[in-house]
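Spelled out from the first residue to the last, the chains are:
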Amino acid sequence: MSRVSIQAEDFDPAAELAALEGLGGGGVASFTGIVRGEGRLVALELEHYPAMTQVQVERIVEEAMSRWPLLGARVIHRYGRLEPGARIVFVGTTSRHRTAALESCAFLIDWLKSEAPFWKKEHFADRTAWVEARAEDAAKAQSWRGEG
Amino acid sequence: MSRVSIQAEDFDPAAELAALEGLGGGGVASFTGIVRGEGRLVALELEHYPAMTQVQVERIVEEAMSRWPLLGARVIHRYGRLEPGARIVFVGTTSRHRTAALESCAFLIDWLKSEAPFWKKEHFADRTAWVEARAEDAAKAQSWRGEG
Amino acid sequence: MRQLTLMYFAWVREAVGLDEERIDLPAPDVTVRDLIGLLAARDGAYAEAFADPARLRAALDQRFVTLDSVIGEAKELALFPPVTGG
Amino acid sequence: MRQLTLMYFAWVREAVGLDEERIDLPAPDVTVRDLIGLLAARDGAYAEAFADPARLRAALDQRFVTLDSVIGEAKELALFPPVTGG
């Protein structure tokens, strides 16, 4: 059971966790990404490539489902204007094996960082700036290539 | 900010996640362990060493707080009789860095498995059996010794 | 001559001032890098946006590809900076 | 002669039929392993529970220790199988 939502709306991590707990796996891992309010950030704007995003994220989830014995995986990624404290992304996985749940959760968030067609723009009071991709994020995603 | 609860009562992962999200870290990782209902299990009984448990789990959390730049860590571990589907354990961490949140969450659950004074007994309709410690759990915990 | 839809995202979109446009494909065996060269040969805004291919990433028909990939039968080429989701 | 509180957990507790008991410490420099040997020398239930020290783990005053640790000034020794929490 896997599901991907690309949406502007907020989501409820509690409802997502409850659904994953209900799959009987024994272990549920999750990661929630939130907009940090650093450097007087007013808002983060997430642009994406609609024709590609859903399919591409589903591919990443299928990759995770094939690498680990998961009973379920859930990914939610928001786009649009998000203010500090707002949730951006949710990854939840469940498995009979805690290591499978934890590793696949880390894999999914690492891959979303470098393989999902989203771009972040920071809005400050007096300027805007596109967030630069970090080499360590690409390296993190690539590090999964050699494993599993 | 870290907090450890050793309790018989159930807990609400949603409330725990919300508290961690509120710390402003940007990334919240969690793991929830649930009783699996395999092999016609009627209940799992968790015994612990009350004089030691709280202090020992706090030590493990302090270790995590010193190894990763965490803004918060939360551990809840239940004891007593738990039926299939019931939550056993919750680990939640938050950090400015997603890798720190994810790794420390995995570290904590691995260490709880091998360093927290709990013992599980399985109750079936016609017999009971103490759960045997698994060598791979001890190895998993030890694997953190060489890192960080 | 076959047409190709170009799509731009993030600062590439802002620099050229367009979400997308259609161009005539010079030949089916041109690469993404060749097309970036053609775009860089246009006016000031394009010249600046496409001057350094190392700053760009590409997707052909919604799949990530390297800049040396051949356009072939693809209908849509997206050009954008490295992604920053998650 | 100083007294030491012994605490038992899980199947060790069930085997001996006690949560805890107090014993006289033969000497301060005895080790956990020495005490397990003394317990194994008791009657049938104890003999069986403590026959194989490799199946046992220990905590002295609520800290995990190896079986070769000296009791020293500790007040409480817990004996139990490997833990299975989490």
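Residues numbered from 1 in each chain as written. Chains lettered and ligands numbered in written order. Predicted model: local features only at pLDDT ≥ 70, side-chain atom pairs only at ≥ 80, totals over all residues. Heavy atoms only, no water.

1. Focus on the overall build of chain C
(1) Moving on: When helices and strands are counted, chain C shows three helices and five strands.
(2) Moving on: In sequence order, chain C lays out its α and β elements as β-α-β-α-α-β-β-β.
(3) Moving on: In terms of overall dimensions, chain C has a C-alpha envelope of 35 × 30 × 20 Å along the principal axes.
(4) Moving on: Within chain C, buried positions represent 48% of all 86 residues.
(5) Moving on: For chain C, contacts bridging at least 24 residues in sequence account for 53% of all contacts bridging at least 6.
(6) Moving on: Carbon and sulfur atoms form 52% of the exposed surface of chain C, whose accessible area is close to 4100 Å².
(7) Moving on: One finds the centroid of the 9 positive side-chain charges in chain C at a distance of 4 Å from the centroid of its 14 negative side-chain charges. (Helix = DSSP H or I, 4+ residues; strand = E, 2+ residues; numbered from the N terminus. Buried < 20%, exposed > 50% of the residue type's maximum accessible area, 1.4 Å probe, protein only. Contact = heavy atoms within 4.5 Å. Areas by Shrake-Rupley, 256 points an atom, 1.4 Å probe, with all protein chains shown as cover. Lys, Arg positive; Asp, Glu negative; His and termini not counted. Charge placed at Lys NZ, Arg CZ, Asp CG, Glu CD.)

2. Considering the nonpolar core
(1) Moving on: Among the nonpolar cores identified, the biggest contains 72 residues, and Leu112(A) and Leu112(B) are the most heavily contacted of them.
(2) Moving on: Setting aside chain neighbours within four positions, we find Leu112(A) in contact with Val57(A), Ile60(A), Val75(A), Val89(A), Val91(A), Gly85(C) and Gly86(C). (Core = buried A, V, L, I, M, F, W, Y, C linked by side-chain atoms within 4.5 Å.)

3. Describing the interface of chain A and chain C
(1) Moving on: Of the residues lining the interface, 25 residues belong to chain A; the matching set on chain C comes to 20 residues.
(2) Moving on: For the pair chain A and chain C, the summed buried area comes to about 1900 Å², and 58% of that belongs to carbon and sulfur atoms.
(3) Moving on: Per-residue buried area on chain A facing chain C is highest for Tyr49(A), Trp119(A) and Trp130(A); these three make up 34% of the total on that side.
(4) Moving on: Applying the counting criterion to the chain A and chain C interface returns two salt bridges.
(5) Moving on: A salt bridge links Glu14(C) to Lys121(A); the shortest N-O distance between them is 2.3 Å.
(6) Moving on: Counting across the interface, chain A meets chain C through 11 residue pairs in polar contact (both at pLDDT 80 or more).
(7) Moving on: Every element with two or more residues in the side of chain A that touches chain C is listed here: strand E3 (41–48), helix H2 (50–67), strand E6 (87–95), helix H3 (98–115) and strand E7 (118–124) of chain A.
(8) Moving on: The dominant element in the side of chain A that touches chain C, judged by the number of residues it contributes, is H3(A), at five residues. (Buried area = accessible area lost by both parts, 1.4 Å probe. Salt bridge = Lys/Arg side-chain N within 4 Å of Asp/Glu carboxyl O. Polar contact = N/O pair within 3.5 Å; in protein donor to acceptor, adjacent residues only side chain to side chain.)

4. Re the sheet that holds strand E4 (residues 63–65) of chain D
Residue and element names in this part refer to chain D.
(1) Moving on: If you walk across this open sheet you meet the five strands as E2-E1-E5-E3-E4, and the pairing is mixed. Looking at strand neighbours, the two that pair on one side only are strand E2 (20–24) and E4, the edges of this open sheet. For this sheet, the mean inter-axis angle between neighbouring strands, taken without regard to orientation, is 30°.
(2) Moving on: Where strand E1 (residues 3–8) lies against E2, five bridges are found, and the strand directions are antiparallel. Note on E2: the bridge partner recorded for Leu6 is Glu21.
(3) Moving on: Contacts between helix H2 (residues 32–40) and the sheet are confined to E1, E2, strand E3 (57–60), E4 and strand E5 (76–80), with E5 contributing the most and set at about 70° to the helix. (Pairing = 2+ DSSP bridges. Axes fitted to C-alpha atoms, helices over the stretch in contact; angles between N-to-C directions.)

5. A few points about the relation of the copies chain A and chain B
The relation between the two copies of this chain is a rotation about an axis and a shift parallel to it.
(1) Moving on: Note on the copies: chain A fits chain B at an RMSD of 0.0 Å, the axial shift is 0.0 Å, and the rotation between them is 180°. The transformation relating the two chain copies, once decomposed into turn and shift, fits a two-fold axis.
(2) Moving on: Most of the interface of chain A is mirrored in chain B: 100% of its interface residues are interface residues there too. (Least-squares fit on C-alpha atoms with pLDDT ≥ 70 in both.)

6. Regarding the sheet that holds strand E1 (residues 3–8) of chain C
All names here are of chain C.
(1) Moving on: The strand order across the open sheet formed by five strands is E2-E1-E5-E3-E4, and the pairing between neighbours is mixed. Each edge of the open sheet carries a strand with a single partner, namely strand E2 (20–24) and strand E4 (63–65). Each strand axis lies, on average, 30° off the axis of its neighbour in the sheet, ignoring direction.
(2) Moving on: Direction of pairing for E1 relative to strand E5 (residues 76–80): parallel, over a ladder of four bridges. Directly across from Tyr8, in E5, lies its bridge partner Leu79.
(3) Moving on: Along the sheet face, helix H2 (residues 32–40) touches E1, E2, strand E3 (57–60), E4 and E5 and points at about 70° away from the line of E5.

7. Considering the interface of chain A and chain B
(1) Moving on: With 32 residues of chain A at the contact, the number on the chain B side is 32 residues.
(2) Moving on: Both faces combined, the contact of chain A with chain B buries some 2600 Å², and carbon together with sulfur accounts for 49% of it.
(3) Moving on: Its largest share of buried area at the contact with chain B, chain A owes to Glu21(A), Arg36(A) and Arg98(A), together 26% of the area lost on that side.
(4) Moving on: The residue Asp137(B) makes a salt bridge to Arg98(A) at a minimum N-O spacing of 3.0 Å.
(5) Moving on: Seen at the junction of chain A and chain B, the total is 13 residue pairs in polar contact (both at pLDDT 80 or more).
(6) Moving on: Listed by contribution, the elements that provide at least two residues to the side of chain A that touches chain B are helix H1 (13–21), strand E2 (27–34), H3 and helix H4 (135–143) of chain A.
(7) Moving on: For the side of chain A that touches chain B, the element with the highest residue contribution is H3(A), accounting for 10 residues.
(8) Moving on: Considered class by class, the residues forming the side of chain A that touches chain B number 12 nonpolar, eight polar and 12 charged. (Nonpolar A, V, L, I, M, F, W, Y, C, P; charged D, E, K, R; others polar.)

8. A closer look at the pairing of strand E6 (residues 87–95) of chain B
Consecutive side chains along a regular strand alternate between the two faces of the sheet.
Residues and elements named next belong to chain B.
(1) Moving on: Here E6 lies mainly inside the structure; nine of its nine residues are buried.
(2) Moving on: Both strand E2 (residues 27–34) and E6 contribute to a ladder of eight bridges, which runs antiparallel. When the sheet's bridge partners are listed, Ile34 is paired in E6 with Arg87.

9. Looking at helix H3 (residues 98–115) of chain B
(1) Moving on: Taking 1.5 Å per residue as the helical rise, H3(B) with its 18 residues ought to reach 26 Å, and the 25 Å between its terminal C-alpha atoms agrees with that figure.
(2) Moving on: Most of H3(B) sits inside the fold, with 16 of its 18 residues counted as buried. (Expected span 1.5 Å × (residues − 1).)

10. What to know about the packing of aromatic side chains
Geometry of an aromatic ring pair is reported as the spacing of the ring centres plus the angle between the planes.
(1) Moving on: Here the structure, examined in full by the defined rule, presents 24 aromatic pairs over all chains.
(2) Moving on: Among the aromatic residues, those joined into a ring-pair cluster are Tyr49(A), Trp119(A), Phe9(C), Phe64(C) and Phe80(C).
(3) Moving on: Lying over the aromatic face of Trp11(C), Arg55(C) brings its terminal NZ or CZ to 4.2 Å of the ring centre. (Phe/Tyr/Trp six-rings, centres within 6.5 Å; stacked < 30°, edge-to-face > 60°. Lys NZ or Arg CZ within 6 Å of the ring centre and 35° of its normal.)

11. Things to note about the environment of Ser69(D)
All names here are of chain D.
(1) Moving on: Following the sequence through the fold, Ser69 ends up in the loop between E4 and E5.
(2) Moving on: With relative accessibility at 17%, the residue Ser69 sits in the buried group.
(3) Moving on: Distance in space between the C-alpha atoms of Ser69 and Val32 is 5.9 Å, their sequence separation being 37 residues.
(4) Moving on: Excluding its chain neighbours within four sequence positions, the residues that come into contact with Ser69 are Val30, Thr31, Val32 and Leu60.

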